[in-house]
Amino acid sequence: MVRVSQATTFSSSAYFDDRGPHGTAQPITEHVNPHSRPIVSYFFPKGVGEHHYGERHPMKPHRLTLTNALVMGYGLDKQIHHIYNPRPATQAELEMYHDHDYIDFLSRVTPNNQNEMRHLIDTFNCVEDCPIFSEMYDFCRMYAGASLAGARKLTAGTCDTAINWSGGLHHAKRGEASGFCYVNDIVLAILELLRYHPRVLYIDIDIHHGDGVELAFYHSNRVMTVSFHKYTGDFFPGTGKLDDNGASLGKHFCLNVPLQDGIDDDMYLTIFKTVIEDTVTAFRPTSIVLQCGADSLGCDRLGAFNLSIAAHGECVNFVRKFNVPLLVLGGGGYTIKNVSRCWTYETAVLVGATIPDELPATVYDPFFRDSQWKLHPPLTGRVENQNSPTSLQRITISIRNKLRYLQGAPSVAMQEIPPDLEGWLADEERKQEEIDEERGTRVRRRAKKRRTMARNEFFRRELSAQESPVRQESGARGKARGRPSANAKEDGEETEEIPVAATSRTTKPREQRNPDSPRPRKPAEKDKDLPDADLEAAVDAGD
């Protein structure tokens, strides 16, 4: 027999974690008005958070599951216009940037056969930081496919902001893995944007330098990369000096903002807003890609900054206000409870919603028990600030001097558009919506224009038998002044000239001539050389 006191659990919470006096955020229930704010699309590949790098590896894809749970718990899905489970990227799409041999290696290597492929593992740098784990290739295809899908939505004009927190792996190179990154989804997404947008601005607020993206576009003047990162010379990846600014056509289109340990909110926001505003003014991007690595937050497992979640989100909000098509990606971040809070807050910023400081109730409540289930726990002041106003001013002046060399935003010459994905994906079943988006908005607008019929496009007033001979005569004179129709038959027959717009649709019936009106005369060969006034006089004399 069960006692009454044992009939209930030890907690009144549905998730066995009683918050006591600490409140719980209630989810937003009001749906967004599609016309009230910019259109936001949210991309979350199903199962992307279930992959695992290894027991002691700092990269935890599970942070994506936590982020999605908080986003749904706050009810932000009601404020997002579109939520997609994008398809994985194909091998041909990955090879738009990466080498074929490297992608082929990623598709074949597994934990079971890695001993037989040891020589290739060393060649492609899949050691230590980039281990071989189960379903690694599927994981890469998932997050890369989501970034490509977001870029296509922006290119097609079906959304203003695209969010993919699973993307942003900015260290991967063309032919090797690096820094927990195997496939550089950012480069793939930018290449997709460049098919339509003449200039793309890439902004990186990860604590590590975005070396993979910078290297991919180091010689290009259509992509400007701006990276805010820690630089000491020995901090990974060891690149991103202030003097690194591109080469060849890309000279001065690569900006680096090297920072020291412990930078706080005020200093970071000051230099961020100054540099980004000057860059946008000089470069005038037609689209922006923002990498929101959360390892720049305070208390990160691999970071050394003192940024709060509010300051990190303010950087996102500042970029959003430029009202330029925006692709927002994730990146680093190794204290997963802070990463999930940060990206949830920034999702709210991007959709224009206000959320409370209390976290919603989810199955992951134990992750946030030590911070008393707050969205903005104290993260600052843990590391001594080694940045000075003088050093930041020197960086700002150097950046402005580089921007002076741009001499206006670069233009794009007319050239053949790269082949789209239709030929590569002919063997896949795709929706008509996706095919239309890959073709772009111009094709759809052209088709819509063809379907549109003007009011008077197929209408011409026919003369009736009751009209006066004077008007009929003037009409005949006007016809005589024009060039004879190619379809005209004999002198006594008169054919109606068919409008060009109606030739493919219908043929007008021949006009009926009033038997009481005089028959118009065809102009003779000599009449063709006469001026209009003399020709009319000749017609009158003939009548």
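Quick summary incoming for the structure in this document.

### Notes on the state of the cysteines
So, point 1. All chains considered together, the criterion is met by zero disulfides.
So, point 2. There is no disulfide at Cys-126, and the cysteine sulfur nearest it, in Cys-130, is 6.2 Å away.
So, point 3. According to the relative accessible area criterion, Cys-126 is buried, its value standing at 3%.
So, point 4. Of the cysteine sulfurs around Cys-342, a residue in no disulfide, the closest is that of Cys-292, at 7.5 Å.
So, point 5. On the basis of relative accessible area, Cys-342 is assigned to the buried category, the value being 0%.

### Brief notes about the packing of aromatic side chains
So, point 1. Applying the stated criterion to the full structure yields 19 aromatic pairs.
So, point 2. Their ring planes at 45° and their centres at 6.0 Å tell us that Tyr-53 and Tyr-182 sit as a pair that is tilted. Linking Tyr-53 in the loop between strand E1 (40-43) and helix H1 (62-73) with Tyr-182 in the loop between strand E3 (161-164) and helix H6 (185-193), this pair joins segments that are 129 residues apart in sequence.
So, point 3. Ring geometry for Phe-133 versus Tyr-182: centroids 6.0 Å apart, planes at 70°, classification edge-to-face. Of the two residues, Phe-133 is situated in the loop between helix H4 (118-123) and helix H5 (136-156) and Tyr-182 in the loop between E3 and H6; the sequence distance between them amounts to 49 residues.
So, point 4. The exposure class assigned to Phe-133 is buried, which follows from its relative accessible area of 4%.
So, point 5. Here Tyr-182 falls in the buried class, since its relative accessible area comes to 0%.

### Observations concerning the sheet that holds strand E5 (residues 223-230)
So, point 1. Read across the sheet, eight strands follow the order E2-E1-E3-E8-E7-E4-E5-E6 without closing on themselves; strand pairing throughout is parallel. Of all the strands in the sheet, just strand E2 (82-84) and strand E6 (254-259) have a single pairing partner and so form its edges. Going across the sheet, the axis of each strand differs from the next one's by a mean of 15°, ignoring polarity.
So, point 2. Summarising the sheet, E5 and E6 pair through six bridges and their orientation is parallel. Paired with Val-226 across the strands is Leu-255, a residue of E6.

Cut-offs and rules
- Residues numbered from 1 in each chain as written.
- Predicted model: local features only at pLDDT ≥ 70, side-chain atom pairs only at ≥ 80, totals over all residues.
- Heavy atoms only, no water.
- Disulfide = S-S within 2.5 Å.
- Buried < 20%, exposed > 50% of the residue type's maximum accessible area, 1.4 Å probe, protein only.
- Phe/Tyr/Trp six-rings, centres within 6.5 Å; stacked < 30°, edge-to-face > 60°.
- Helix = DSSP H or I, 4+ residues; strand = E, 2+ residues; numbered from the N terminus.
- Pairing = 2+ DSSP bridges.
- Axes fitted to C-alpha atoms, helices over the stretch in contact; angles between N-to-C directions.

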